[in-house]
Amino acid sequence: MALDILVENFQKKDASAFEQLYKMYSENILGVINTIVKNEGRSQEICQDVFIKIWNSSDSYNASKGRFFTWILNIARNAAIDEIRSKSHKNDKKNFSADYFVGMLQQSDEDNIDVDSKGLKNLIRNLKEKCVQIIELIYFRGYTQKEAAEELDIPVGTVKTRNRNCISQIRVQMKTK
Amino acid sequence: MDVNDYIASGILELYVAGVLSEKENLEVNGYANQFPEIKEEIIAIEASILELSRRSTNAEPYPFSKLMDTLSDQKEIKVLPLKEKQTEWTKYLGWAASLLFALGLFWTYNQNEALKSELEVVSKQNSLLEEQIADSDTSLEKTRTLLNTIREKDVSVIDLAGQDVSPESYAKVYWNRAQETVFIDAKGLPRPPDGFVYQVWSLKLSPTLTPTSIGLLDTFEEDENKIFKLTNSNSSEGFGITLEPSGGSDSPNLEQLFTLGVVSNS
């Protein structure tokens with residue numbers, strides 16, 4: 001309920017409501033952008049642009065069509081994908097592949113001490129590659145069921161259930177910690 | 001609806017990802033408002049994605065104050081209204097330009113089609129003219145050859161005068177003895193009636209009048225010049241032209257003798 005009121009005030013251009021929402025979601029949005037852009041400095045700039053954008057177009061959010069976080073997630077995803085398609089990354093093809101989490105799984109623990117200060121590896125350590133792949137495509141790249149099925153070469157019907165199983169594993173891991 | 005089945009289907013996970021259709025989003029939202037279990041499940045799924053994304057970077061976002069500074073800068077220079085106006089204007093300009101372009105393209109296409117058909121007409125006229133020139137050339141060449149032939153040194157010219165049947169008729173014979181050819185100029189003869197043809201005779205006068213046929217003018221109708229080439233190996237002393245039934249006769253019908261002339265001794 002609190003979230004609903006916060007979002008309502010935000011849509012009335014209440015700056016303090018905006019600040020609270022920023023504190024709730026900016027770190028997550030930065031993380032989403034970073035899985036795509038793979039450059040933390042650039043991700044910070046894009047993250048700021050995304051929040052400026054949602055402030056300027058707050059009217060276009062409609063609660064009956066989805067969660068508030070989902071709305072920002074979509075905007076952030078598009079901004080980050082635009083970024084890697086733009087000139088600055090033209091020659092850097094590896095940015096196009098959705099391999100952030102797979103890469104993280106493949107790194108040895110020693111490598112991770114420096115680069116994984118927030119414990120991403122710990123959260124996904126029990127997930128199989130096919131799990132982190134499907135999660136990355138659907139949440140961080142915005143693939144639809146059909147697109148994900150084509151990309152992973154699995155039946156469309158499998159996408160929904162596999163994705164649910166993988167998310168459940170993250171939820172279990174969150175509880176055990 | 002079985003709530004547990006609905007949850008187990010995995011549709012809520014896609015709802016949180018924002019990858020469902022607008023219709024599906026409205027449907028999920030409707031059930032979430034109706035069934036608290038569904039709403040709780042959505043929040044739990046969202047929490048897992050929040051946790052995953054939060055851990056996906058080692059960096060921290062800019063402080064909120066930096067964001068507000070940028071926003072107030074934007075307000076001062078009034079970027080927004082200007083931007084909106086500009087996009088409107090450029091949008092219409094784009095449409096106008098593409099419309100103009102399409103019209104231009106259409107016009108050019110029509111011009112091109114018109115030119116194509118004009119070109120076709122002209123090239124047809126051209127080939128007609130070319131044919132005419134070729135015909136004239138051939139005709140000129142023929143006339144030249146003819147003229148050269150009858151002008152040659154060895155050629156004798158014999159005038160054939162009109163006879164009783166047709167006193168106003170006349171003809172000329174150009175005889176090249178060396179080449180044994182005669183050219184009959186029959187311009188002064190009337191058109192032969194249907195079923196009849198002019199026949200040319202070489203005449204021996206002494207000791208007795210002996211006619212020898214040297215040919216028929218059977219292309220009289222078609223030949224415009226009315227000049228006919230025949231072969232004559234006789235030592236002729238005169239030439240006569242008679243009108244004979246089609247196909248010619250063995251001996252001349254003297255009642256239909258049109259023209260007659262004698263070779264002068266030289």
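Values in this document were obtained by computation on a predicted structure and should not be read as measured data.

J.: It is not clear to me how the overall build of chain B should be interpreted in this structure. Could you clarify?
T.: Each helix and strand counted, chain B has 6 helices and 8 strands in total. When the helices and strands of chain B are read in sequence order from the N terminus, they spell out α-α-α-α-α-α-β-β-β-β-β-β-β-β. A total of 266 residues make up chain B; the buried ones form 33% of that total. Of the contacts formed within chain B by residues at least 6 apart in sequence, a portion of 58% connects residues at least 24 apart.

J.: Quick question: what am I supposed to make of the pattern of salt bridges here?
T.: A side chain of one charge can pair with a side chain of the opposite charge if their charged atoms are brought near each other. All names here are of chain B. A full pass over the atoms with the stated rule returns 17 salt bridges over all chains. Its salt-bridge partner being Glu51, residue Arg55 comes within 2.9 Å of it at the nearest N-O pair. Neither Arg55 nor Glu51 differs from the other in exposure class; each is buried. One salt bridge connects Arg144 with Glu141, and the closest N-O pair in it is separated by 4.0 Å. With a gap of 3 residues between them, Arg144 and Glu141 both fall in helix 6 (residues 79-151), about one helical turn apart. According to the relative accessible area criterion, Glu141 is partly exposed, its value standing at 45%.

J.: What am I meant to see in a negative patch on the surface here?
T.: Residue and element names in this part refer to chain B. Residues Glu130, Glu131, Asp135 and Asp137 make up a contiguous surface patch of negative charge. Relative to the assigned elements, Asp137 resides in helix 6. Judged by its relative accessible area of 46%, Asp137 is partly exposed.

J.: Looking at this structure, how should I read the interface of chain A and chain B?
T.: How big an interface is tends to be stated in terms of accessible area lost as the parts join. Taken residue by residue, the interface counts 60 residues in chain A and 47 residues in chain B. Summing the contributions of chain A and of chain B, the shared interface buries around 5,000 Å²; its carbon and sulfur component is 61%. Sorting the residues of chain A by area buried against chain B places A:Arg67, A:Lys118 and A:Arg164 first, and these three jointly supply 14% of that buried surface. For the pair chain A and chain B, the interface holds 6 salt bridges. With a closest N to O distance of 2.7 Å, B:Glu46 and A:Arg67 form a salt bridge. Sorting the residues of the side of chain A that touches chain B by element identifies helix 2 (15-37), helix 3 (40-56), helix 4 (68-85), helix 5 (100-106), helix 7 (120-124), helix 8 (129-140) and helix 10 (156-176) of chain A as the ones contributing at least two each.

J.: It is not clear to me how helix 2 of chain A should be interpreted in this structure. Could you clarify?
T.: At 3.6 residues per turn, the α-helix brings residues three or four places apart onto the same side. Residues and elements named next belong to chain A. Compared with the 33 Å implied by 1.5 Å per residue over 23 residues, the 29 Å span of helix 2 between its first and last C-alpha is markedly short. At Tyr25, helix 2 shows its maximal bend, which comes to roughly 45°. Among the 23 residues in helix 2, 17 count as buried, and that is most of the element. Where helix 2 ends, the next residue or the one after it, Lys38, has phi of about 55°, a positive value.

J.: Would you mind showing me how to read the pairing of strand 4 (residues 196-204) of chain B here?
T.: On a regular strand, each side chain points to the face opposite its neighbour's, so the side chains alternate between the two faces of the sheet. Residue and element names in this part refer to chain B. For strand 4, a buried count of 7 out of 9 residues is recorded, marking the element as mostly surrounded by other parts of the structure. Of the strand pairs in this sheet, strand 4 and strand 7 (residues 238-245) are connected by 8 bridges, and their pairing is antiparallel. The residue bridging Leu203 from the neighbouring strand is Gly238, located in strand 7. Of the pairings in the sheet, the one linking strand 4 to strand 5 (residues 210-216) comprises 6 bridges and is antiparallel in character. Among the inter-strand pairings, Ser202 is bridged to a residue of strand 5, identified as Thr212.

J.: Would you take a moment to explain the nonpolar core for this structure?
T.: Inside soluble globular proteins, nonpolar side chains tend to come together where they are buried. Core analysis: the largest hydrophobic core is formed by 83 residues, its most contacted members being A:Phe51, A:Phe68, A:Ile135 and A:Tyr139. A per-element tally of this core places helix 2 of chain A first, with 11 residues. Setting aside residues up to four positions removed in sequence, A:Phe68 forms contacts with A:Val7, A:Phe10, A:Leu21, A:Tyr25, A:Ile54 and A:Tyr61. Among the nonpolar cores identified, the runner-up in size contains 21 residues, and B:Ile158, B:Val182, B:Ile241 and B:Val263 belong to it.

J.: Teacher, can you tell me more about helix 8 of chain A here?
T.: Residue and element names in this part refer to chain A. For helix 8, spanning 12 residues, the distance from its first C-alpha to its last is 15 Å, which sits close to the expected 16 Å at 1.5 Å a residue. Judged by how many residues are buried, helix 8 sits mostly within the fold: 9 of 12 residues are covered. Within helix 8, the full set of buried residues consists of Cys131, Val132, Ile134, Ile135, Glu136, Leu137, Ile138, Tyr139 and Phe140. Taken from the residues just after helix 8, Gly142 is the one with a positive phi, measuring 70°.

J.: So what exactly am I meant to see when it comes to unusual backbone geometry here?
T.: Apart from glycine, the bulk of residues carry a negative phi angle, and the bulk of peptide bonds sit in the trans form. B:Ser206 connects to B:Pro207 through a cis peptide bond whose omega is 0°. Position of B:Pro207 relative to the elements: it lies in the loop between strand 4 and strand 5. If you check the backbone angles, A:Lys13 has positive phi at about 65° while not being a glycine. By the secondary structure assignment, A:Lys13 is in the loop between helix 1 (2-11) and helix 2. Although it is not a glycine, B:Glu180 sits at a positive phi angle of roughly 55°. Given a relative accessible area of 37%, B:Glu180 falls into the partly exposed group.

Reading the values: the criteria
Residues numbered from 1 in each chain as written. Chains lettered and ligands numbered in written order. Predicted model: local features only at pLDDT ≥ 70, side-chain atom pairs only at ≥ 80, totals over all residues. Heavy atoms only, no water. Helix = DSSP H or I, 4+ residues; strand = E, 2+ residues; numbered from the N terminus. Buried < 20%, exposed > 50% of the residue type's maximum accessible area, 1.4 Å probe, protein only. Contact = heavy atoms within 4.5 Å. Salt bridge = Lys/Arg side-chain N within 4 Å of Asp/Glu carboxyl O. Patch = residues over 30% accessible without salt bridge, like charges linked within 9 Å, V, L, I, M, F, W, Y side chains within 5 Å. Areas by Shrake-Rupley, 256 points an atom, 1.4 Å probe, with all protein chains shown as cover. Lys, Arg positive; Asp, Glu negative; His and termini not counted. Charge placed at Lys NZ, Arg CZ, Asp CG, Glu CD. Buried area = accessible area lost by both parts, 1.4 Å probe. Expected span 1.5 Å × (residues − 1). Bend = angle between axes of the 7 residues up to and from the residue. Pairing = 2+ DSSP bridges. Core = buried A, V, L, I, M, F, W, Y, C linked by side-chain atoms within 4.5 Å.

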